[in-house]
Amino acid sequence: MQSKPLYDTAIKWFFFIPAIICPVQIFIDAPFGRFAPSNDSVFVVDGIKSWIIMELVSPITFIAALYSAPLAISPSPISTPQVILSSIFILHYLNRAIISPLRTPSRSKSHIIVPLNAIVFNLANGALMGTYLSSPAASAFLTGALSRPCFWAGMLLWACGFAGNILHDEVLLNIRRNAKAKGKRNENQIGKEHYAIPHGYLYRYISYPNYFCEWAEWFGYALAAAPLPALMSLPETIQPPWLFLWSEVLLMIPRAYKGHRWYHKNFPEYPKERKAVVPFVL
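A brief look at the structure comes next.

Thresholds, definitions, all that
- Residues numbered from 1 in each chain as written.
- Predicted model: local features only at pLDDT ≥ 70, side-chain atom pairs only at ≥ 80, totals over all residues.
- Heavy atoms only, no water.
- 1 Å grid on protein atoms, 1.4 Å probe; cavity = no way out; pocket = protein on both sides within 12 Å on 5 of 7 lines; lining within 4 Å.
- Points joined across faces, edges and corners; volume = space filled by probe spheres on them.
- Helix = DSSP H or I, 4+ residues; strand = E, 2+ residues; numbered from the N terminus.
- Nonpolar A, V, L, I, M, F, W, Y, C, P; charged D, E, K, R; others polar.
- Axes fitted to C-alpha atoms, helices over the stretch in contact; angles between N-to-C directions.
- Parallel < 35°, antiparallel > 145°, perpendicular 65-115°, else oblique.
- Left-handed = near helix turned anticlockwise from the far one by under 90°.
- Contact = heavy atoms within 4.5 Å.
- Salt bridge = Lys/Arg side-chain N within 4 Å of Asp/Glu carboxyl O.
- Buried < 20%, exposed > 50% of the residue type's maximum accessible area, 1.4 Å probe, protein only.
- Phe/Tyr/Trp six-rings, centres within 6.5 Å; stacked < 30°, edge-to-face > 60°.

1. Section: the layout of surface pockets
Then comes step 1: Estimates place the volume of the second largest pocket at around 260 Å³.
Then comes step 2: For the second largest pocket, the lining is made up of 15 residues, of which Ala-69, Ala-72, Ser-76, Ile-78 and Ser-134 are closest to its centre.
Then comes step 3: Among the secondary structure elements, those contributing two or more residues to the lining of the second largest pocket are α2 (47-68) and α5 (136-141).
Then comes step 4: In terms of residue class, the lining of the second largest pocket is made up of 9 nonpolar, 6 polar and no charged.

See the structure below:
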């Protein structure tokens, strides 16, 4: 099967690259959001349009890989658990790539390197997830999944994470809506948003509950979709659903840490008891 070596190689690269990038991000501010470039340039792009384009890559690639089923020996219908998992993956990106940005009143501009890197990530992740879910390995693991408590526990955790992500994003959107209504956007620098201290729900405990909820979402997804990888041989045994969670945590922790420090630096009254991204821990 010619696709299998490429698939295995992609998994290994997708495992190691986030682990390398994670510590580097501690020292570099990714140029978007509160760290967006303050000057106009041909390399600075619209925040909302670039977000939509880069996030649409993942579901499009996912659907293409799912239907081409490169690891399948022969065409076969996918099972109900595979349909459920495919549907909620697409639902996540329907919200992330279309609904959420179109409901956003404004978004900081971004350096073009950010959407370009995101496109590469989403191409790889969408292809790996679609390839896995259409594979004989996924079909075998998900046989009888509807009768396993672990599958439904994963689905429940995914739903809670998905809802929590939307809920906490709405808090941030309301800050932007209120600022826009009062004419506060761009009061300091061109292309940057007005920021304020978010309150309510998990914001009582952490600065980035939307990140935390997204991790919960994909942890639940991985729990339902794939076997646990062997701890002593992660690169060889990890499947794309767990790989996606691994990548998200490693790539988002530095962003949360730096954003948490930014809040404390720019708001002297920022709650001292709040952690960055994991309640009571980190």
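2. A short note on the packing of α2 against helix α3 (residues 80-103)
Then comes step 1: Look at α2 against α3: their axes get within 9 Å of each other, and the N-to-C directions meet at 165°. Between α2 and α3, the interaxial angle falls into the category roughly antiparallel. Crossing of α2 against α3: the hand is left-handed. In this structure, α2 contributes Ile-48, Trp-51, Ile-52, Glu-55, Leu-56, Ser-58, Pro-59, Phe-62, Ile-63 and Leu-66 to the contact, and α3 contributes Ser-86, Phe-89, Ile-90, Tyr-93, Arg-96, Ala-97, Ile-98, Pro-101 and Leu-102.
Then comes step 2: Broken down by class, the residue content of the contact of α2 with α3 amounts to 15 nonpolar, 2 polar and 2 charged.

3. A few points about the pattern of salt bridges
Then comes step 1: Counted under the stated rule, the structure contains 5 salt bridges.
Then comes step 2: The salt bridge partner of Glu-55 is Arg-96, with a shortest N-O separation of 3.0 Å. Pair noted here: Glu-55 is in helix α2 and Arg-96 is in helix α3, with a separation of 41 residues, a long-range link.
Then comes step 3: Glu-55 gets classed as buried once you look at its relative accessible area, which sits at 4%.
Then comes step 4: With a shortest N-O distance of 2.8 Å, Arg-177 and Glu-170 are connected by a salt bridge.
Then comes step 5: Its relative accessible area of 24% is what places Arg-177 among the partly exposed residues.
Then comes step 6: Three or more residues are tied together by salt bridges with common partners; here these are Glu-55, Arg-96 and Glu-214.

4. As for the packing of aromatic side chains
Then comes step 1: In total, this model carries 20 aromatic pairs according to the counting rule given.
Then comes step 2: Ring centres of Phe-14 and Phe-121 lie 5.1 Å apart, and the angle between their planes is 40°; this geometry places the pair in the tilted category. With Phe-14 in helix α1 (residues 3-25) and Phe-121 in helix α4 (residues 113-133), this pair connects stretches of sequence that are 107 residues apart. Both residues of the pair, Phe-14 and Phe-121, belong to the buried class.
Then comes step 3: On the basis of an interplanar angle of 45° and a centroid distance of 5.1 Å, the ring pair of Phe-89 and Tyr-93 is categorised as tilted. Here Phe-89 and its partner Tyr-93 are both found in helix α3, 4 residues apart, which amounts to about one turn of the helix. Tyr-93 shares its class with Phe-89; the two are buried.

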